[in-house]
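Observations on chain architecture
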Amino acid sequence: MIDLRSDTVTRPTPAMREAMARAPVGDDVWGDDPSVAAFEAAVAERAGMAAAPFFPSGTQSNPAALLVHCQRGDEYIAGQFSHIYRDEGGGAAVLGSIQPQPIEHDPDGSLPLERVQAGIKGADIHHASTRLLALENTFRGKVLSEAYTRRATALAHEHGLATHLDGARLFNAVVASGRSLAELCQGFDSVSLCFSKGLGAPVGSLLLGDEAFILRARRWRKTLGGGMRQVGILAAACHHALENHVERLGEDHRHAALLAEGLGEIDEVGVHGCDTNMLFVTLPEAHCSALEAFLAERGILMAAAPVTRMLTHLDISEQDVRHVVAGIKAYFVANAARVDARLGG
Ligand SMILES: *Cc1c(COP(=O)(O)O)cnc(C)c1O
């Protein structure tokens, strides 16, 4: 199947499975797993941060960071469509009694700084205390500019706020921008990275920060049930991805651009910008379910909706992209009359 629904659907390659099988392991809750230690150290060094505990998921590492930065009754500022606010089951509220202050995004995915500033509450006892600014890079496949993150993190720090970066796809930003991981982490007090997206590992996130932050994050990880035992087999998969699958993200970006170009030739499909491996397209609503079924018969999985997200990743080749474009073209050729009728043409 050619699965465009997400870049989480990648499966471990044979070489990754071999690295997993070979990995020396120990009990990581006791700090004894050499593969986990090696992986954590490799990423911390590359990010220019002190330490980086290994987490089962970004949906655990993000709230762990919030729990360190904020106390009960505190507040964090995040984007209205950020994963940390919208896609984690309200973890910060459920687990930490931490309130979000969501901010509308600008079209480029950034949070307008005047709105961030307006969202920061003063010392008035009526308000929750604003403690943290959380950004996301990439956001919906878009890379935040270095100038923006520098200004945003400086603004937060000026107001005594900590800064967290949800970098689930930060390596895509590294490859797309040509800047280093350390440069993209600059200005952030904590950073969460995912290895289970386009990097192709089956499981795994890291939470980066300084020593004092990490000590508390490790404690929260245990509380949240994220202390794992012989987990070196998973860290080894992530380490393999770090060493072998970062540069190749550029291929995914080229494939997404190719997909955008091909779909751009189809009148019924609206193509919206794409910086990295994520493409947003608009489709005629009346055709979504029929298109989805038509493509599924041709081995293509896509969650067709009026606004549809399509992702390229490790398991999608250039040939697959051409097959997808041909499939969507074929559907609209076969159904042109219905589209014309619907449009009143
Ligand atoms: C995927 C993702 C996460 C974490 O997801 P998990 O599947 O729990 O690892 C966090 N933030 C963003 C932006 C993501 O895309």
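Quick caveat: nothing in here was measured; it's all calculated off a predicted structure.

This part takes up the packing of aromatic side chains. Under the counting rule described, the total for this entry stands at 5 aromatic pairs. On the basis of an interplanar angle of 85° and a centroid distance of 5.0 Å, the ring pair of Y331 and F332 is categorised as edge-to-face. With respect to burial, Y331 and F332 carry one shared label: buried. Aromatic rings pair up to connect F39, F54, F171 and F195 into one cluster. Over the ring of F55 we find R221, and its NZ or CZ is 5.8 Å from the ring centre. A cation over an aromatic ring shows up here: R298 above the ring of F294, its NZ or CZ 3.5 Å from the ring centre.

So, about the sheet that holds strand β5 (residues 129–136). Strands pair in a sheet through their backbones, by hydrogen bonds, and they do so in one of two ways: parallel or antiparallel. Here 7 strands make up an open sheet; going across it, the order is β2-β8-β7-β6-β5-β3-β4 and the pairing mixed. Where the open sheet ends on each side, the last strands, each with one partner, are β2 (54–55) and β4 (99–103). Bridge count for strand β7 (residues 190–194) against strand β8 (residues 205–209) is 5 bridges, and the pairing is antiparallel. Residue pairing for β8: V191 is matched across the bridge by L208. Of the strands in this sheet, β2, β3 (74–79), β5, β6 (162–167), β7 and β8 are in contact with helix α3 (residues 58–69), which crosses β7 at around 175°.

Turning our eyes to something else, we now look at the UniProt feature "modified residue: N6-(pyridoxal phosphate)lysine" (unreviewed entry) in the protein chain. UniProt records the feature "modified residue: N6-(pyridoxal phosphate)lysine" (unreviewed entry) for K197 in the present numbering. Within the element layout of this structure, K197 appears in the loop between β7 and β8. Other than its neighbours up to four places away in sequence, K197 contacts D7, T8, T10, A168 and R169.

As a further point, take the domain arrangement of the protein chain. Annotation of the protein chain at the domain level lists domain 1 (2–244) and domain 2 (248–336). With centres defined by C-alpha atoms, the gap from domain 1 to domain 2 works out at 29 Å. The partner domain 2 presents 26 residues to the 24 residues of domain 1 that form the contact. When domain 1 packs against domain 2, close to 2200 Å² is buried across both sides, 63% of that on carbon and sulfur atoms.

Rules used in this analysis
Residues numbered from 1 in each chain as written. Predicted model: local features only at pLDDT ≥ 70, side-chain atom pairs only at ≥ 80, totals over all residues. Heavy atoms only, no water. Phe/Tyr/Trp six-rings, centres within 6.5 Å; stacked < 30°, edge-to-face > 60°. Buried < 20%, exposed > 50% of the residue type's maximum accessible area, 1.4 Å probe, protein only. Lys NZ or Arg CZ within 6 Å of the ring centre and 35° of its normal. Pairing = 2+ DSSP bridges. Helix = DSSP H or I, 4+ residues; strand = E, 2+ residues; numbered from the N terminus. Contact = heavy atoms within 4.5 Å. Axes fitted to C-alpha atoms, helices over the stretch in contact; angles between N-to-C directions. UniProt positions renumbered as here; feature names shortened; annotations may be inferred. Domains from an automatic or database assignment. Buried area = accessible area lost by both parts, 1.4 Å probe.

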